Amino acid sequence: MEPQIAARIRDSFARQAMMATLGARLAEVTEGRVVIEAEAVPDLSQQHGFAHAGLIFAIGDSAAGYAALTTLPPGAEVLTVEMKINLLAPGQGLLTAEGRVLRAGRRLAVVAADVWSGRPDGTRRQVAALQGTMIPVEP
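Residues numbered from 1 in each chain as written. Predicted model: local features only at pLDDT ≥ 70, side-chain atom pairs only at ≥ 80, totals over all residues. Heavy atoms only, no water.

Participant: Help me understand the sheet that holds strand 3 (residues 77-87) in this model?
Facilitator: Working definition: the strands of a sheet are paired by backbone hydrogen bonds and lie parallel or antiparallel to each other. Strand order in the open sheet formed by six strands is 1-2-4-5-6-3, and the pairing between neighbours is antiparallel. Pairing within the sheet leaves two strands with one partner each, and these edge strands are strand 1 (25-30) and strand 3. With direction set aside, neighbouring strand axes in the sheet form an average angle of 20°. Of the pairings in the sheet, the one linking strand 3 to strand 6 (residues 124-137) comprises ten bridges and is antiparallel in character. Within strand 6, the position partnered with Val 78 by the bridge is Pro 136. Against the sheet, helix 1 (residues 3-14) contacts strand 1, strand 2 (33-39) and strand 3, and its axis sits at roughly 160° relative to strand 1. Strand contacts of helix 3 (residues 53-69): strand 2, strand 3, strand 4 (94-104), strand 5 (109-118) and strand 6, with the helix running at about 40° to strand 4, the strand carrying the most contacts. (Pairing = 2+ DSSP bridges. Helix = DSSP H or I, 4+ residues; strand = E, 2+ residues; numbered from the N terminus. Axes fitted to C-alpha atoms, helices over the stretch in contact; angles between N-to-C directions. Contact = heavy atoms within 4.5 Å.)

Participant: Is there a simple way to explain the nonpolar core in this structure?
Facilitator: For soluble globular proteins, the rule of thumb is that nonpolar side chains tend to be buried together. Ranked by size, the top nonpolar core spans 39 residues in total, and within it Ile 36, Leu 55, Ile 59, Leu 95, Val 115 and Met 134 carry the most contacts. Among the elements that take part in this core, helix 3 stands out by supplying ten residues, more than any other. Dropping the residues within four chain positions of it, Leu 95 is found in contact with Ile 36, Glu 37, Ala 38, Ala 40, Ala 51, Leu 55, Ile 56, Ile 59, Val 115, Trp 116 and Ser 117. (Core = buried A, V, L, I, M, F, W, Y, C linked by side-chain atoms within 4.5 Å. Buried < 20%, exposed > 50% of the residue type's maximum accessible area, 1.4 Å probe, protein only.)

Participant: How should the environment of Leu 94 be read in this particular structure?
Facilitator: Position of Leu 94 relative to the elements: it lies in strand 4. For Leu 94 and Arg 119, which are 25 residues apart along the polypeptide, the C-alpha to C-alpha distance reads 8.0 Å. Among all residues touching Leu 94, those that are not within four sequence positions of it are Arg 25, Glu 37, Ala 38, Glu 39, Trp 116, Ser 117 and Gly 118.

Participant: Explanation requested: the layout of surface pockets in the structure shown.
Facilitator: In this approach a probe as big as a water molecule rolls over the atoms, and the regions it shows empty are the leftover space. Size it by volume and the largest pocket reaches roughly 180 Å³. Residue lining of the largest pocket: Ser 12, Gln 16, Asp 61, Ser 62, Gly 65, Tyr 66, Leu 69, Glu 77, Val 78, Leu 79, Thr 80 and Met 134, and that is the complete set. Those elements giving two or more residues to the lining of the largest pocket turn out to be helix 3 and strand 3. Here the element with the most residues in the lining of the largest pocket is helix 3; it accounts for five residues. When grouped by side-chain class, the residues that make up the lining of the largest pocket number five nonpolar, five polar and two charged. (1 Å grid on protein atoms, 1.4 Å probe; cavity = no way out; pocket = protein on both sides within 12 Å on 5 of 7 lines; lining within 4 Å. Points joined across faces, edges and corners; volume = space filled by probe spheres on them. Nonpolar A, V, L, I, M, F, W, Y, C, P; charged D, E, K, R; others polar.)

Participant: Honestly, helix 1 in this entry has me stumped. Any pointers?
Facilitator: Residues that lie three or four places apart on an α-helix share one face, since the helix turns once every 3.6 residues. Spanning twelve residues, helix 1 covers 17 Å between terminal C-alpha atoms, matching the ideal 16 Å at 1.5 Å per step. By the burial criterion, the buried members of helix 1 are Ile 5, Ala 6, Arg 8, Ile 9, Ser 12 and Phe 13. Summarising the axial view, the buried residues of helix 1 lie within an arc of 155°, below the 170-degree limit, and thus occupy one face. Across from the buried face of helix 1, at angles greater than 90 degrees, the exposed residues are Pro 3 and Ala 14. (Expected span 1.5 Å × (residues − 1). Arc of directions from axis to C-beta.)

Structure representation (structure tokens):
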């Protein structure tokens, strides 16, 4: 992947107030794949102490959207058209969203993301699976 594409993704991510509010960080950018991490801190938990589904959805949606953006020409942006989430298990600790492109078309990109939760024993558990559609837009 060309370095300017990764730089464009990192610059766009740095401007996302929502990701900053969640304490999310961009961990990896490769063509068709983006990884975003966020800690499931108490301020982002639900009433049982687990990561709120909104946090899990937000990082999964962003990882998938940025994965789609890696396939587009300079100057293009993407917006989510629709996104489905299956919550598979409670999230705790470090959450890692791995977004990827399933198919990049001329008008739409079909994307997916898996969100994983770090466990105290060093293993990880999948907590969510997302699938959706992104549309390229001009800024």
